[in-house]
Amino acid sequence: MTQTYKALESAKIEESNQLNIVERNIKDLPKGDLLIKVQYSSLNYKDAMSAKGMPGVTRNYPHTPGIDAAGIVKESQDKNFREGDSVIVTGYDLGMNTPGGFGEYIRVPSSWAIALPKGLSAKEAMSLGTAGLTAGLSVHALASYREYIGLSDTKSIVTGATGGVGSVAVMLLSKLGSEVTAVTGKNDQLDFLSSIGASHVLSREELAETTRKPIGKSIWDVGIDVVSGDILSLLLTSLKPGGAVACSGLVGGHSFESSILPFILRGNALLGIDSVEISLEAKTHIWEHFSSDWKINLDHSTKEIVLEDLPDEIETILGGGQVGRVLVQL
Ligand SMILES: NC(=O)c1ccc[n+]([C@@H]2O[C@H](COP(=O)([O-])OP(=O)(O)OC[C@H]3O[C@@H](n4cnc5c(N)ncnc54)[C@H](OP(=O)(O)O)[C@@H]3O)[C@@H](O)[C@H]2O)c1
């Protein structure tokens, strides 16, 4: 077996971070009971934050980002995994302070890995990646909240709709029979949004005109929000009685304002979504859905790239320009 591997590395030079493709030695990877040859990774907003040295993600540099990896087990010290097994690793510390999926090899604790479900390829799994997992967890949270009524024939709203989490959320809600309104800042992506299942598209300004604080018309049964800030405030004013919003992101800011009115007059709920530290069982449950009843085809909303293309894609995602998903082939 080869002893060296290729990786994208972020190094802090004075006040900024520089990205380079480097060769590293497998023996220098951290301890862990699974050595995995990465076949595919994907680009998430958090990877871009780590790569650029933004606060709150990665403490020590040089570092290889990549919170997602799908690949083949090369060495295992856990009897539940054997050499040649196909696995998915997302979240926990991967790509945060543990070298991540933007390298050809990772070594991780087996408690971070799930067997790739039958019916899902490594490429399909990483086309979804953490963004897809988060969209799936959001849908699952909303469906559980609406235990007796379900999601079919609902009216839903998705923010950051052209991005990673948003685009998968639009596809999944529409597959499950919901009439989806997509909120976007990209006026030139209407065709893309309708091609992935959006029935209506609103600009961020139109959303502000449609809703009213502290409480407005009851419009949507459920919402999936990745933006936070004023957009989340507006969603909370416009849910139907019993409606809920699942929130996972902060591209529009850390904080948002609300009033007690939607919660006590309409029994609305705000459901927080974490895809990183949740149990392996919870992650497995969502991946199994994606391999069976939630199977969606992401071919037309996924751009496939190699490590060398990542620096440009990182700039695009941080600038809010992401459309669909970016799959990284190693
Ligand atoms: N909780 C978790 O476990 C978890 C997991 C995954 C992601 N996240 C978070 O979810 C967020 C989205 O992640 P992602 O990977 O989907 O990112 P992404 O691909 O960049 O998508 C975000 C989208 O939000 C919209 N947007 C960007 N900047 C905005 C702004 N200033 N105001 C309003 N809308 C803006 C854009 O879509 P439009 O142009 O269509 O509006 C953008 O494409 C990030 O904050 C990420 O950290 C959290």
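Residues numbered from 1 in each chain as written. Predicted model: local features only at pLDDT ≥ 70, side-chain atom pairs only at ≥ 80, totals over all residues.

Peer 1: I'm lost on the pairing of strand 14 (residues 302–306) in this one. Help?
Peer 2: Within a regular strand, the side chains alternate between the two sheet faces. Here strand 14 pairs with strand 15 (residues 325–329) via five bridges, running parallel. Bridge pairing links Lys 303 to Val 326 in strand 15. Crossover strand 14 to strand 15 through helix 9 (residues 310–318) is right-handed. (Pairing = 2+ DSSP bridges. Helix = DSSP H or I, 4+ residues; strand = E, 2+ residues; numbered from the N terminus. Right-handed = clockwise from strand over helix to strand, strands pointing away.)

Peer 1: Whenever I open this one, the domain arrangement of the protein confuses me. Can you help?
Peer 2: How big an interface is tends to be reported as the loss of accessible area on association of its parts. Under the domain assignment used here, the protein contains domain 1 (4–116 + 298–329) and domain 2 (131–272). Using C-alpha coordinates to define each centre, domain 1 is positioned 29 Å away from domain 2. Facing the 10 residues of domain 1 at the interface are 12 residues of domain 2. Residues that form the side of domain 1 that touches domain 2 fall into these classes: two nonpolar, seven polar and one charged. (Domains from an automatic or database assignment. Contact = placed C-beta atoms within 7 Å. Nonpolar A, V, L, I, M, F, W, Y, C, P; charged D, E, K, R; others polar.)

Peer 1: What am I meant to see in the site of the ligand here?
Peer 2: Lining the immediate surroundings of the ligand are 31 residues, of which Gly 160, Gly 163, Thr 184, Gly 249 and Gly 320 lie closest. Among the elements of the structure, helix 1 (45–51), helix 2 (122–145) and helix 3 (164–175) are those that each provide at least two residues to the shell around the ligand. When grouped by side-chain class, the residues that make up the shell around the ligand number 12 nonpolar, 16 polar and three charged. Looking at the shell around the ligand, you find at least three residues from each of domain 1 (4–116 + 298–329) and domain 2 (131–272). (Near = placed C-beta within 6 Å.)

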